[in-house]
Amino acid sequence: MSDLWEVLVRHFPEFRSGFLVTLQLVAVSFAIAIGVGLFVGALRISPVRWIRLAGGLYVEFFRNIPLLVLLSISYLGLLRAGIRIGPWVAATASLGLYTAAYVAETIRSGVFAVGKGQIEAALSLGFPYRRVLSQVVIPQAVRSVIPPLGSLVIAMIKNSAIIGVTFALADDLLKEARLVNSRTFQTNEVFFWAAVGYLLLTLSATFAVRALERRLVVRR
Amino acid sequence: MGYLFDPDNWRWLFSGSNFRFLLSGFWINLQIALVTMVLSLGFGLVLALLRLSKQRVVSVAAGVWVDVWRNLPLVFIILYFGLAIPEPWRDAYQRLVPDWFPTAFQSPFFLAAVAGLTLYNSAVLAEIMRAGIVSLEKGQGEAAASLGLRYWQSMRLVVLPQGLRRMVPATVSQLITLNKDTTLVFILGIQEVMRHARIVMATSDSPFVGTGVEAPALQVFLAVGIMFVIVNLALSRLSRRLEIRERRRTGVETVRVAGLEDQLAVAEATVPPVEPR
């Protein structure tokens, strides 16, 4: 038991910096995922057939490919092809583009949940398509999209752990834990504290989403 | 773009046994996925039932167990078991494993890989199954009880068949995630498709061990990615078709999931789907 505390006290700086790097990775990747996801989601609900198809292609590709393969392509692949993007860019772009496919699907199902009848009603009242989207569909879709987006943040936190230990693209929490472990060999203690770090992130995200959801329900 | 589609950069795929070698690695991934799938579905069901137990201690303990394992990164769990399973166990496994098992299954770290994958996925699947059972109206269980069925009988005959059937789409989407996640055992040095890809890249341009045709990393990994995309797409199409047929046959409505990641499935399962009016 005393070992447990000792490991935390002695290696707190490493754990803290790893924790912060994980947080940054998730924040940057999430920004990318939201940006690209909104765009692809918009493609997916376009009235033009081939634009919808392009969005579908993006979603099916990035959703069905392992994140590790994406990381390999964006880091090793581009490096050998002579395209130099930094490790940080490769990491956040992979995680961001991967999650963007899920964000796009979330947005699409959120929009569909609004119901065709409302859209038709608005159109028949003479609203232009843009205003139907901005004043009828989006305000309602946002509500149903919040809980799944929250789950995606949690999935991102977990997926971000792949970045550090496979290609050493960033010194995130798991990478730091592995480094500390290779010096101390106190595997159980080190991984216990790393697990606490990850659970702190994922569980607080869970509670935040739940609180947000409750507020939106009350307002309805 | 020119680089990506340049036929010279794809010549490696058809030279020597490169393609067959990649495929054999991919086959290992599928086998690992299959083994883990069976184990996770079994343990997941047990966990879900424990979590729904009327004994408070049992249900709370199962709930904590499930919440801890499904909220940790999978790669973290795999790495932990890789480092923490003591050497005698690894040796014992290697001695016990039959010779006719695939080579990758004989790796001393295989136990760690399967343990990690199973712990994580059984927790996620338990949550999905629980959501399916809970989403069933209470009347179903009560009706079964009033017909004189015991707890296990009503579970087996009434609640589970309906509850689990509802969650087929969510389960399949998690199995697709599991299929992708098998690449993570690469960090334990198990000979699967990511390792095979590395080997192809390293050896293909050598005139001694390879065929002298360079295999660029981008194209090799893209080829691996496409294998996953094809199999996963087929899986989701198959589940969609099965679902439609089942619905016609039994009239059980499944919970719609857009094929999102694990917890998303659960989030949507606990919220009743919005019916278009």
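Computed from a predicted structure; not experimentally measured.

What counts, and at which threshold
- Residues numbered from 1 in each chain as written.
- Chains lettered and ligands numbered in written order.
- Predicted model: local features only at pLDDT ≥ 70, side-chain atom pairs only at ≥ 80, totals over all residues.
- Helix = DSSP H or I, 4+ residues; strand = E, 2+ residues; numbered from the N terminus.
- Buried ≥ 20, exposed ≤ 12 C-beta atoms within 10 Å, placed from the backbone.
- Contact = placed C-beta atoms within 7 Å.
- Axes fitted to C-alpha atoms, helices over the stretch in contact; angles between N-to-C directions.
- Parallel < 35°, antiparallel > 145°, perpendicular 65-115°, else oblique.
- Nonpolar A, V, L, I, M, F, W, Y, C, P; charged D, E, K, R; others polar.
- Left-handed = near helix turned anticlockwise from the far one by under 90°.
- pLDDT = per-residue confidence, 0-100.

### Structural notes on the overall build of chain A
Phase 1 of the analysis: Along its length, chain A carries ten helices and zero strands.
Phase 2 of the analysis: Counting the 220 residues in chain A, one finds 48% classified as buried.
Phase 3 of the analysis: Of all intrachain contacts in chain A linking residues separated by at least 6 positions in sequence, the fraction that spans at least 24 positions is 75%.

### Observations regarding the overall build of chain B
Phase 1 of the analysis: Secondary structure assignment for chain B yields twelve helices and zero strands.
Phase 2 of the analysis: Walking chain B from its N terminus toward its C terminus, one meets helices and strands in the order α-α-α-α-α-α-α-α-α-α-α-α.
Phase 3 of the analysis: A burial count over chain B gives 43% of its 277 residues as buried.
Phase 4 of the analysis: Long-range contacts, defined as pairs at least 24 residues apart, comprise 75% of the intrachain contacts of chain B with a sequence gap of at least 6.

### Let's talk about the packing of helix H2 (residues 12-44) of chain A against helix H9 (residues 173-184) of chain A
Residues and elements named next belong to chain A.
Phase 1 of the analysis: Their axes nearest at 7 Å, the elements H2 and H9 cross at an angle of 155°. Classified by the angle between their axes, H2 and H9 sit roughly antiparallel to one another. Contacts between H2 and H9 involve Glu-14, Phe-15, Ser-17, Gly-18, Phe-19 and Thr-22 from the former and Leu-173, Lys-175, Glu-176, Ala-177, Leu-179 and Val-180 from the latter.

### Some remarks on the interface of chain A and chain B
Phase 1 of the analysis: Contact with chain A, which involves 47 residues of that partner, is made by 43 residues of chain B.
Phase 2 of the analysis: Mapped onto the side of chain A that touches chain B, the elements with two or more residues apiece are helix H3 (49-64), helix H4 (67-80), helix H5 (87-114), helix H6 (116-124), helix H7 (129-159), helix H8 (161-167), H9 and helix H10 (187-219) of chain A.
Phase 3 of the analysis: Looking at the side of chain A that touches chain B residue by residue, the class counts come to 26 nonpolar, 14 polar and seven charged.

### Comments concerning the packing of H5 of chain A against H7 of chain A
Residues and elements named next belong to chain A.
Phase 1 of the analysis: Closest axis-to-axis distance for the H5/H7 pair is 8 Å, and the angle between their directions is 150°. Regarding the angle of H5 to H7, the classification is roughly antiparallel. When the axes of H5 and H7 are compared, the crossing they make is right-handed. On H7, the residues that touch Leu-95, Thr-99, Tyr-102, Val-103, Thr-106, Ile-107, Gly-110, Val-111, Ala-113 and Val-114 of H5 are Val-137, Gln-140, Ala-141, Ser-144, Val-145, Pro-148, Leu-149, Leu-152, Met-156 and Asn-159.
Phase 2 of the analysis: A per-class count over the contact of H5 with H7 returns 14 nonpolar, six polar and no charged.

### Thoughts on the confidence of the model for chain B
Residues and elements named next belong to chain B.
Phase 1 of the analysis: In this model, chain B carries an average pLDDT of 83, and 90% of its residues clear a pLDDT of 70 or more.
Phase 2 of the analysis: The least confident element of chain B, judged by mean pLDDT, is helix H12 (residues 262-270) at 43; the most confident is helix H3 (residues 56-70) at 94.
Phase 3 of the analysis: Across the interface, the model reports ipTM at 0.89; the global pTM reads 0.87.

### Comments concerning unusual backbone geometry
Phase 1 of the analysis: Of note, the phi angle at Phe-185 of chain A is positive, near 60°, even though the residue is not glycine.
Phase 2 of the analysis: With respect to the helices and strands, Phe-185 of chain A occurs in the loop between H9 and H10.

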